[in-house]
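Coordinates in review
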Amino acid sequence: MKLKTILATAMVAAGLVTAGQAAAQETLTIWWAKGFYKAEDDALFAAIKKFEAKTKVKVELSQYAPQEIIPKSVAALDSKNPPDVSYGDVYDFQVAGKWAFEGKLEDISSVIDPIRSSFAKNTVETTFLYNDVDKKRAYYAFPMKQQTMHIQYWADMLAEAGYKESDIPTTWKAYWDFWCDKAQAGYRTKTGTRAFGIGQPLGVDSSDSFYSFLTFMDAYNVKLVSDSGKLLVDDPAVRAGLIGALTDYTGIYTRGCTPPSSSNWKDPDNNVAFHNKTTLLTHNATISIAAKWLDDMNNATLTEAQRATAKKNYTESIRTAGFPSKPDGSKMVYRSAVKVGVVFKDAKNKARAKEFVKFIMAEENLGPYVEGSLGRWYPVTKAGQASAFWKGDKHRLAVHNQFQDGTVNFEFTKNYKFTVLNNENVWAKAANRVVSEKVPVDKAVDEMIARIKTVAN
């Protein structure tokens, strides 16, 4: 009788252990950038739900704004408790190359190599990074989407200023003079409103400011680093080009053609100024400005009048365009920033992490996620770029045409230490030396070059 009781007790205990093991569902920890629009997040949620149904793995998702995700990630790495998978909109600009160099990222070549041919030019190449711990190059990140620089302007405000769109010059100096002098002055005279011709991002805490400045630098054909990663800043032509770019970039502020507050703008602020119609034009590294109104016009929680206004703004009043020709008369070639996610070396569940990366990179999941951003991000895959979505309206078609004309990559894809320079925002710091501290442009450029050499040599 005693033996039977012991056996029964043991069987019950074994059953409880089995039940406990069944209840302890496998989990995958994912950190992801918070989308600008509901549709973007909904597409991510749908993909995660599909992954959970397929694998029976529970995904623990946390979402963060761009300014949050890097500090969170750094703290997690320092404590050796990072998420399994993480994607951040600014990882490429500021940390991915550095993390790869320091040996903090998992080699995911086994995921990328089989699908490498599906990517468009100048996309997946940016994730083939150098690991100085293992002394090798490999795919240490996965490319999700990309962005480039666009011009957005109010066509109705331009008309109120007394000008037609055909009046807009196409050459470099004349273009900025038109918005700074003619359009701004005309709008103020006709409406009595103190609007500004241009919204010029200049804030040190803004990625818009360095992306925009680097576009002005590209207009002057400045090449800071060779394809092998060697600095070229000692070339007198590079210094001359930087002086030209910084003179033009800061001149818009010193001439009073951008709001005085733009020297302190963060990333959303040029969007806000544009939406409030305090600026006629701004440059932005996505079409999130126009897409905001597309999101509003389809938002059932807004009133009919609000949706009607949003529809008019998106379909009639706002334009998406490229930059004017370069100062030398040649056509602009835009730089593309390829947005990346990573699997950390210290991740607890690397096998499932790689499985998730493979899953999310499948076109049936990646395509809806990218298109959920309403044109804010452009695809990295050939199939995604061929989607009819990109010819669905004039804004997305303008984005598509800019990318199809060809793009170039950022300096940090050749020398990872430029991520440090972007983190410091040496570009906006130089601009602020000119506009806020009244330092001559050539001196600000020399300080910038010295800092580049100190960090990236």
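Described in the following lines is the structure provided in the data block. Keep in mind that this is a model prediction, so the values were computed, not measured.

1. Let's talk about the packing of aromatic side chains
- Inspection of every chain in the model, using the stated rule, returns 37 aromatic pairs.
- Aromatic pair Tyr 175 and Trp 176: ring centres 5.0 Å apart, planes at 85 degrees, arrangement edge-to-face. For the pair shown, Tyr 175 and Trp 176 are each scored as buried.
- For the pair Phe 323 and Tyr 334, a centre-to-centre distance of 6.4 Å together with 70 degrees between the ring planes defines the contact as edge-to-face. Residue Phe 323 is found in the loop between β10 (318-321) and β11 (334-335), and its partner Tyr 334 is found in strand β11; the two are separated by 11 residues along the sequence. Take Phe 323 and Tyr 334: they sit in the same class, and that class is buried.
- Across from the ring centre of Trp 154, 4.3 Å away, lies the NZ or CZ of Lys 277, which sits over that ring.
- The ring of Phe 410 has Arg 335 sitting right over it, with the charged end atom 4.7 Å from the ring centre.

2. Concerning unusual backbone geometry
- In this structure, Asn 122 is a non-glycine residue whose phi angle is positive, near 60 degrees.
- Structurally, Asn 122 is set in the loop between α6 (109-112) and β4 (128-131).

3. Remarks on the pattern of salt bridges
- Tallied over the full model, the rule gives 35 salt bridges.
- Asp 42 serves as the salt-bridge partner of Lys 38, at 2.7 Å between the closest nitrogen and oxygen. Pair noted here: Lys 38 and Asp 42 are both in helix α2 (residues 38-55), with a separation of four residues, about one helical turn.
- Ionic contacts of the salt-bridge type, sharing partners, join the residues Glu 40, Asp 89, Lys 145 and Arg 376 into one network.

4. Quick word on the nonpolar core
- In this structure, Trp 32, Trp 176, Trp 179, Leu 242, Phe 418 and Trp 427 are the most contacted members of the largest nonpolar core, which totals 132 residues.
- If we skip the residues at most four places from it in the chain, Trp 176 touches Ile 151, Ile 198, Phe 216, Ile 252, Leu 281, His 283, Phe 323 and Pro 324.
- Counting residues in hydrophobic clusters, the runner-up holds six residues, among them Ile 287, Tyr 378, Val 399 and Phe 403.

5. Describing the sheet that holds strand β2 (residues 58-64)
- What the five strands build is an open sheet, ordered β2-β1-β3-β12-β6; its pairing is mixed. Two strands bound the open sheet, and with one partner strand each, they are β2 and β6 (142-147). Each strand axis lies, on average, 20 degrees off the axis of its neighbour in the sheet, ignoring direction.
- One ladder, built from three bridges, connects strand β1 (residues 27-33) with strand β3 (residues 85-87); its direction is parallel. Each bridged residue has a counterpart across the sheet, and for Ile 30 the counterpart in β3 is Val 85.
- Contacting β1, β3 and β6, helix α15 (residues 363-371) crosses the sheet at an angle of about 30 degrees to β6.

Conventions used here
Residues numbered from 1 in each chain as written. Predicted model: local features only at pLDDT ≥ 70, side-chain atom pairs only at ≥ 80, totals over all residues. Heavy atoms only, no water. Phe/Tyr/Trp six-rings, centres within 6.5 Å; stacked < 30°, edge-to-face > 60°. Buried < 20%, exposed > 50% of the residue type's maximum accessible area, 1.4 Å probe, protein only. Helix = DSSP H or I, 4+ residues; strand = E, 2+ residues; numbered from the N terminus. Lys NZ or Arg CZ within 6 Å of the ring centre and 35° of its normal. Salt bridge = Lys/Arg side-chain N within 4 Å of Asp/Glu carboxyl O. Core = buried A, V, L, I, M, F, W, Y, C linked by side-chain atoms within 4.5 Å. Contact = heavy atoms within 4.5 Å. Pairing = 2+ DSSP bridges. Axes fitted to C-alpha atoms, helices over the stretch in contact; angles between N-to-C directions.

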